[in-house]
Amino acid sequence: MTEATAIVADRNRTRASARFLYTASVVLLCAWVIVPLYLLLVNTLSSPEAVNSFPKSFLPAFDMGSLRFFAGFEGIIVALKNSIIVATMTMVLSILIGAPAGYALSRFDFPGKALFRLLILLTRAFPLPLLALPLAVLFIRTGLDDTAFGLALVHTTLAVPFAVLITFSLFSGIPRELEEAAWTLGCTRLTAFTMVVLPLILPGIAASAIFAFVISWNEVFAAAVLTIENRTLTALLLQTLGEAPLHLKFAGGFILVVPALIFIFAVRKYLFAMWGIANR
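Residues numbered from 1 in each chain as written. Predicted model: local features only at pLDDT ≥ 70, side-chain atom pairs only at ≥ 80, totals over all residues. Heavy atoms only, no water.

Draft legend 1. Structural context of the packing of helix H9 (residues 189-218) against helix H12 (residues 246-266). H12 packs onto H9 with a crossing angle of 175° between their chain directions and a minimal axis gap of 11 Å. The angle between H9 and H12 falls in the class roughly antiparallel. Touching Ile210, Phe213, Val214 and Trp217 of H9 are Leu256, Pro259, Ala260, Phe263 and Ile264, all from H12. Tallied by class, the residues present in the contact of H9 with H12 amount to nine nonpolar, no polar and no charged. (Axes fitted to C-alpha atoms, helices over the stretch in contact; angles between N-to-C directions. Helix = DSSP H or I, 4+ residues; strand = E, 2+ residues; numbered from the N terminus. Parallel < 35°, antiparallel > 145°, perpendicular 65-115°, else oblique. Contact = heavy atoms within 4.5 Å. Nonpolar A, V, L, I, M, F, W, Y, C, P; charged D, E, K, R; others polar.)

Written out as structure tokens, the structure is:
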């Protein structure tokens, strides 16, 4: 009896330790994400004196001077519009290219399939600065330089590998028998895909689209090299805030982060659904 009690107590201690480690990991992960955003908000809503003072205050002073400066800054609205346009085009193009490729990898067998998947990943092995000069020359010759569509093509090449691999995993998780059952009921491959498979993977496709949007929104190197007049928000902030005071840099970072957070929050239910969490 004593030995059984000791075994039960040991199991309870193990479960308590695992629960503690799990809770601590969740808290640390949340703090890793939330604390920098909160500090960014505090410094954005603080006066220049408070930003440069020490010790720092952890409560915002609600000084809107930095934000008013950016609201009246020339070109900020146009750059914001360009970022939204480029990110939206990147999101659409990456799904239009990545989803069919992921479906083909999941449903069809062909020679070199494993090598093709590897090559998709290897496209990210080439650093973008290495390709900057050839891309600039090519875009100038084709008239795509300083255009939203040209920049969206570059961002799409960065997002497509992830879109392909994500959708490949999603399609692989759906039994092929569902499509075959739809075929026996008179559906073509296209109608079986749109009526049976697509509704099941829609949350995953939405998550892949969100990932492509964030990649495009945060990308700055190609935007700075390939655009001059039609700069995105990241490129404009990089150009104008290089020698700016610290409080303006915080405000610029806040303006850059907030639209992406709003977009992710608006489509959060698809992210929850992808991980099996009920829509909320």
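Draft legend 2. Focus on the nonpolar core. Residues Phe70, Ile201, Trp217, Leu233 and Leu237 are the most contacted members of the largest nonpolar core, which totals 29 residues. Not counting chain neighbours up to four residues away, the residues in contact with Leu233 comprise Ile76, Ala79, Leu80, Ser83, Trp217, Ile255 and Leu256. One finds Leu128, Leu151, Leu158 and Ala235 within the second-largest nonpolar core, a separate group that totals 15 residues. (Core = buried A, V, L, I, M, F, W, Y, C linked by side-chain atoms within 4.5 Å. Buried < 20%, exposed > 50% of the residue type's maximum accessible area, 1.4 Å probe, protein only.)

Draft legend 3. How the structure looks around the packing of aromatic side chains. All told, the structure shown has six aromatic pairs when counted by the stated rule. Taking 5.2 Å as the distance between ring centres and 80° as the angle between the ring planes, the aromatic pair formed by Tyr103 and Phe171 counts as edge-to-face. With Tyr103 in helix H4 (residues 76-107) and Phe171 in helix H7 (residues 148-172), this pair connects stretches of sequence that are 68 residues apart. The class for Tyr103 is buried, based on a relative accessible area of 9%. Taking the relative accessible area as the measure of exposure, Phe171 reaches 0% and is therefore buried. Aromatic rings pair up to connect Tyr103, Phe108, Phe171 and Phe193 into one cluster. (Phe/Tyr/Trp six-rings, centres within 6.5 Å; stacked < 30°, edge-to-face > 60°.)

By themselves, these figures tell us nothing about what the structure is for.
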